[in-house]
Number of protein chains: 2
Amino acid sequence: MVQGAQRETIDLAVSTVIFALRPAPDGGSPTLWIPLVRRIRQPYEGQWALPGGRLRYSESLAEAARRNLKETTDLEPKYLEQLYAFGDPERSPGDRVVSIVYWALVHAEQADRVAEGENVRWFVADELPDLAFDHNGIIDYALWRLRNKVEYSRIAHALLGETFTLSQLRSVHEAILRRSIDPANFRRQMEATGGLVATEAVVTGGRHRPPRLYRYDEDVDMADNGPLGPRAS
Amino acid sequence: MVQGAQRETIDLAVSTVIFALRPAPDGGSPTLWIPLVRRIRQPYEGQWALPGGRLRYSESLAEAARRNLKETTDLEPKYLEQLYAFGDPERSPGDRVVSIVYWALVHAEQADRVAEGENVRWFVADELPDLAFDHNGIIDYALWRLRNKVEYSRIAHALLGETFTLSQLRSVHEAILRRSIDPANFRRQMEATGGLVATEAVVTGGRHRPPRLYRYDEDVDMADNGPLGPRAS
DNA sequence: TCAAAAGTGTTCCAATTACACCCATGC
DNA sequence: GCATGGGTGTAATTGGAACACTTTTGA
């Protein structure tokens, strides 16, 4: 890039806030985690940031998000949705970058596949260090959207595997909303909204009554995104 | 622009879906209208499209939206919010354009100031012709967002002037939602959610009991956009 | 038999809805 | 008066929250 001479071009990037459910740092109850990547060039060299990159000429915005997730963290999300376009002129020192940010949910088994290292690491979503650019604010907004959306849609399923117990599903809600939920009422709500399919299997081995395994009806969309449709990702 | 040789650059545009409330075409009850501009160059030359234009180097996304509204239709919206970023590679024949779309609400007096002509015209929001690009789909999504948001926020005020009667506010809701609302319950709901301030004035001249005029408490945000805040526009 | 979580039943409370009714004005 | 919309009152319905209770397993 030419130094001094202002090129006045606007760069277009696609980044993604990835959520996964993992045990708390002390080994306790499930908690929201986010994988971040270390910046290897200026600005903000060495600081942690959202995974992202330039949009290529012939890929859609969602394709760019998926490609980048695969490249940087090897993750393939079960749910992906556009979050917001951030374009403040001052958000990247020295140049002008408009970032179209997506947010994604991956389930725990996927999350464990991420090779942590010097440049990729998981962080507890509510205890982040100072990140590059405006990424702390972006994650705050993604968390807000997630916490809103989990109350009126079925996205929580995307953080679990193929089958799950109602306890597990409830603990997903509890981890996201950071409050305990009455098991009885939770069960009825889930059964009422539909999309839950009881399987024949139960989980044995616990020292209590074996819970039934459920799966998610794939014919029902996880979230109603209106005219954008389920492929709005 | 160089013909034939693919430059592979991605253009970044900002467009806006503008809503205003005006009498129905037959002179009847208030209806949602949208101003569109005629395209004066290829592609889609001669067809109607959303007002918009290139993002400039030193303006924010919302500033670009406001500037363009002012330039093309002379409107200054009371409410402005980002809708979505549309970036399908096929959405603009011949080149690659990512459009960051905003949606806006203007009140009726403002709307009447728009100079309609060969290249600017109002259309009933639910009866649009075939528009340029993917703009029909974009407006469908904006309508969906508007209809959702009017039920859990106070944005309806932005379609009215400084003061208004509860009847007028109710007819805004009815126009957006396309169903009739019980006046008694509507009144209580509005009073309960707060933000409404009764003035001393009433409207005389009707052949019935004069309704009280209300105004909107400016200290209360029209919509809760979370960490993005009220200046998320 | 006991502990623990699964799962069911019931009560209470708040919000929404439907609709009856009174009020104030112009004609 | 009486028609018209403004404005108030109230009962019925709904959905959620709280919590008691029964069931089924492992130890």
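Predicted model, so just to flag it, every value in this text is computed and none were measured. The numbers attached to residues start from 1 for each chain and follow its sequence in the written order. By the order in which they are written, chains take letters starting at A while ligands take numbers starting at 1. Residue-level local features of this predicted model are given only where pLDDT is at least 70; pairs of side-chain atoms are given and counted only at 80 or more, and the full residue set underlies all totals for whole chains, interfaces and linings. Just so you know, side-chain values use all the structure's heavy atoms and leave hydrogens and water out.

> I'm lost on the protein's contact with DNA strand D in this one. Help?
Note on terminology: near, applied to a residue and a molecule or strand, indicates that one of the residue's heavy atoms is within 4 Å of it. Neighbouring DNA strand D are 20 residues; Asn185(A), Arg209(A), Ser167(B), Arg187(B) and His208(B) lie closest to it. Here the atoms of DNA strand D within 4 Å of the protein split so that 56% fall in sugar or phosphate, with bases taking the remainder. In the environment of DNA strand D, a base oxygen lies 3.5 Å from a nitrogen or oxygen atom belonging to the backbone of His208(A). In the analysis that follows, any N or O atom pair within 3.5 Å is treated as a polar contact, provided that within protein one partner can donate a hydrogen and the other can accept it, and provided that, for residues neighboring in sequence, both atoms belong to side chains. The contact in question runs from a base nitrogen of DNA strand D to an N or O atom on the side chain of Arg209(B), over 3.4 Å. Strands here mean DSSP runs of E at least two residues long; helices mean DSSP runs of H or I at least four residues long; both are numbered from the N terminus. Elements supplying a minimum of two residues to the surface near DNA strand D: helix H5 (183-193) of chain A together with helix H4 (166-177) and helix H5 (183-193) of chain B. Top element by residues in the surface near DNA strand D is H5(A). It accounts for 4 residues. Residues are grouped as follows: nonpolar covers Ala, Val, Leu, Ile, Met, Phe, Trp, Tyr, Cys and Pro; charged covers Asp, Glu, Lys and Arg; every other residue, Gly included, is treated as polar. Grouping the amino acids of the surface near DNA strand D by side-chain chemistry returns 4 nonpolar, 6 polar and 10 charged.

> What exactly am I supposed to notice about the packing of aromatic side chains here?
Where two aromatic rings form a pair, the distance of their centres and the angle of their planes describe that pair. Side-chain rings of Phe, Tyr and Trp, where Trp is taken by its six-membered ring, are said to pair if the distance between their centres is within 6.5 Å; with planes under 30 degrees apart they count as stacked, over 60 as edge-to-face, and otherwise as tilted. Summed over all chains, the structure comprises 14 aromatic pairs over all chains. Their ring planes at 80° and their centres at 5.7 Å tell us that Tyr84(B) and Tyr141(B) sit as a pair that is edge-to-face. In this pair, Tyr84(B) sits in strand S5 (residues 79-86) while Tyr141(B) sits in helix H3 (residues 135-152), placing the two residues 57 residues apart along the sequence. Comparing Tyr84(B) with Tyr141(B), the two get one shared label, buried. Aromatic ring contacts, followed pair by pair, group Tyr84(A), Phe86(A), Tyr141(A) and Trp144(A) into a single cluster. Note on geometry: a ring has a charge over it if NZ (lysine) or CZ (arginine) is within 6 Å of the ring centre and within 35 degrees of the ring normal. When the ring centre of Trp33(A) is taken as reference, the NZ or CZ atom of Arg22(A) above it lies at 5.7 Å. Three labels apply to residues, based on accessible area from a 1.4 Å probe with only protein chains included: buried if under 20% of the type maximum, exposed if over 50%, partly exposed otherwise in between.

> What am I meant to see in the nonpolar core here?
Formed by 141 residues in total, the largest nonpolar core has its most connected members in Val17(A), Phe19(A), Val17(B) and Phe19(B). Contact between two residues is taken to exist if any of their heavy atoms lie within 4.5 Å; hydrogens are not considered. Setting aside chain neighbours within four positions, we find Val17(A) in contact with Ile34(A), Leu50(A), Val101(A), Tyr102(A), Trp103(A), Ala104(A), Ile138(A), Ile139(A) and Ala142(A). Throughout, nonpolar core names a set of buried Ala, Val, Leu, Ile, Met, Phe, Trp, Tyr and Cys residues whose side chains join them through atoms within 4.5 Å.

> In this structure, what is going on with the pattern of salt bridges? I would like to understand it.
Side chains that differ in sign of charge can pair as their charged atoms come close. A pair is scored as a salt bridge if a Lys or Arg side-chain nitrogen falls within 4 Å of a carboxyl oxygen belonging to Asp or Glu. Inspection of every chain in the model, using the stated rule, returns 32 salt bridges over all chains. Across the pair Arg67(B) and Glu59(B) runs a salt bridge, and its minimum N-O distance is 2.7 Å. Of the two residues, Arg67(B) and Glu59(B), neither departs from the other in class, the shared state being buried. When the shortest N-O distance is used, the salt bridge between Asp74(B) and Arg113(B) registers 3.0 Å. Taken together, the residues Asp74(B) in the loop between helix H1 (61-73) and S5 and Arg113(B) in the loop between helix H2 (108-112) and strand S7 (120-124) connect sequence positions 39 residues apart. A network of salt bridges, in which partner residues are shared, links Arg56(A), Glu59(A), Arg67(A) and Glu71(A).

Purely geometric numbers; function is a separate question.
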